[in-house]
Amino acid sequence: MKKILMIIILISSIFNTAHAKTTEQNTYSILKKKIENAPQIIEFFSFLCPHCYFLEKKYHLNYHIKKQISNSIKIVRYHVNFLGGELGNLLTHIWEISKMIKLEEKVLIPIFEKVQKTKTIKNFHTLKNEFLKLTNINEKEFQFLWNNFVIKSIIYNQEITQQQINLNYVPCIIINGKYIINNESINYTSLQNTINTYINIIKTLLKKNNTDISS
């Protein structure tokens, strides 16, 4: 797992979005064009990403962000679909369903584990079966949610946002619709250092004004 983590970190340092510039502090990049009407914190992740799994399983990063950031700050997590082909699309869909029925925290780690550890989620059939077990919803409810127009619209708008910022790696955290945290700047020497580094960068960026959009 440590080797996988180091590879993911290296990849993240190489593949920065083409529509951003890196600041002199090297802890974040600035989008050339702000994402309009964006939540204050957007987290992009994938159930297929080993680094995302590692941050969630070992560091519980999202929990600490919610705990240490003001309750008035809106945090949204989007699942990307540019990894894993069709399975990536299915996982994006199931994540939005989880959010709609407010069971995302219940399914998050189990889906990570069944995709990456046990590899029991491989296609629509296995994903649906695991999701029904985790949520206790019935087949009829599942079909209604899967075909829900609102969910499909959210996914479509999310895909447009990914394309606009040329997002090609995860995990990716965007603050105030314009600041992207550079993963390679994070201190991974210990669990607490990792959490503190992320939190400090997020708090700093949340306080920044609107004069930093690059020309």
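Report follows, based on the coordinates. As the structure is a prediction and not an experimental result, all values here were calculated from the model.

### Digging into the overall build of the protein chain
(1) Moving on: In terms of regular secondary structure, the protein chain is built from nine helices and six strands.
(2) Moving on: Residues classed as buried in the protein chain amount to 50% of the 215 residues present.
(3) Moving on: Sequence-distant contacts, at least 24 apart, represent 73% of the contacts inside the protein chain between residues at least 6 apart.

### Here we look at the pairing of strand E3 (residues 41–45)
(1) Moving on: When you tally the buried positions in E3, you get five out of five residues, the bulk of the element.
(2) Moving on: Neither face of E3 is exposed, since Ile 41, Glu 43 and Phe 45 on one face and Ile 42 and Phe 44 on the opposite face are all buried.
(3) Moving on: One ladder, built from five bridges, connects E3 with strand E4 (residues 75–79); its direction is parallel. Its bridge partner being in E4, Ile 42 is matched across the sheet by Val 76.
(4) Moving on: The pairing of E3 with strand E5 (residues 172–175) spans four bridges and is antiparallel. In the sheet register, Ile 41 faces E5, and the bridge partner there is Ile 175.

### Some remarks on helix H3 (residues 61–68)
(1) Moving on: Considered for burial, the residues of H3 that qualify are Leu 61, Asn 62, His 64 and Ile 65. Buried residues in H3, looked at end-on, bunch into an arc of 165 degrees, giving them a common side.
(2) Moving on: Close packing links the buried residues of H3 with E3, helix H2 (50–59), E4, helix H5 (104–116), E5 and helix H9 (191–207).

### Here we look at the packing of aromatic side chains
(1) Moving on: Across all of its chains, the model carries 13 aromatic pairs by this definition.
(2) Moving on: On the basis of an interplanar angle of 85 degrees and a centroid distance of 5.5 Å, the ring pair of Tyr 28 and Tyr 179 is categorised as edge-to-face. On the criterion of sequence distance, the pair formed by Tyr 28 in strand E2 (residues 28–31) and Tyr 179 in strand E6 (residues 179–181) is long-range, its members being 151 residues apart. The pair Tyr 28 / Tyr 179 is uniform in exposure class, with both members buried.
(3) Moving on: Residues Tyr 53 and Phe 112 carry aromatic rings whose centres are separated by 5.3 Å and whose planes lie at 15 degrees to one another, so their mutual orientation is stacked. Residue Tyr 53 is located in helix H2, and its partner Phe 112 is located in helix H5; the two are separated by 59 residues in the primary sequence.
(4) Moving on: Over the aromatic face of Phe 45 sits the side chain of Arg 77, whose NZ or CZ is 5.0 Å from the ring centroid.

### Some points on the pattern of salt bridges
Opposite charge on two side chains makes pairing possible when the charged atoms of those side chains draw close.
(1) Moving on: By the definition in use, this model includes seven salt bridges.
(2) Moving on: Of the charged contacts in the structure, one is a salt bridge between Arg 77 and Glu 43, with a shortest N-O distance of 3.6 Å. Taken together, the positions of Arg 77 in strand E4 and Glu 43 in strand E3 put the pair 34 residues apart, joining distant regions of the chain. Glu 43 matches Arg 77 in its accessibility class, with the two residues each being buried.
(3) Moving on: Glu 130 is the salt-bridge partner of Lys 114, the closest N and O atoms lying 3.6 Å from each other. In this pair, Lys 114 sits in helix H5 while Glu 130 sits in helix H6 (residues 124–135), placing the two residues 16 residues apart along the sequence.
(4) Moving on: When its relative accessible area of 23% is taken as the criterion, Lys 114 is described as partly exposed.

### Re the environment of Leu 61
(1) Moving on: Its location among the elements puts Leu 61 in helix H3.
(2) Moving on: A relative accessible area of 6% means that Leu 61 is categorised as buried.
(3) Moving on: Residues Leu 61 and Ile 199 lie 138 residues apart in sequence; the distance between their C-alpha atoms is 9.1 Å.
(4) Moving on: Apart from the residues lying within four places of it in its own chain, the contact partners of Leu 61 are Leu 55, Ile 173 and Tyr 198.

### With respect to a nonpolar patch on the surface
(1) Moving on: A contiguous nonpolar surface patch, about 380 Å² in accessible area, is contributed by Met 100, Phe 149, Val 150 and Ile 154.
(2) Moving on: No other element matches helix H8 (residues 149–164), which puts three residues into the nonpolar patch.
(3) Moving on: Locating Val 150 in the fold gives a position in helix H8.

Cut-off values and rules
Residues numbered from 1 in each chain as written. Predicted model: local features only at pLDDT ≥ 70, side-chain atom pairs only at ≥ 80, totals over all residues. Heavy atoms only, no water. Helix = DSSP H or I, 4+ residues; strand = E, 2+ residues; numbered from the N terminus. Buried < 20%, exposed > 50% of the residue type's maximum accessible area, 1.4 Å probe, protein only. Contact = heavy atoms within 4.5 Å. Pairing = 2+ DSSP bridges. Arc of directions from axis to C-beta. Phe/Tyr/Trp six-rings, centres within 6.5 Å; stacked < 30°, edge-to-face > 60°. Lys NZ or Arg CZ within 6 Å of the ring centre and 35° of its normal. Salt bridge = Lys/Arg side-chain N within 4 Å of Asp/Glu carboxyl O. Patch = residues over 30% accessible without salt bridge, like charges linked within 9 Å, V, L, I, M, F, W, Y side chains within 5 Å. Areas by Shrake-Rupley, 256 points an atom, 1.4 Å probe, with all protein chains shown as cover.

Geometric values such as these leave the question of function open.
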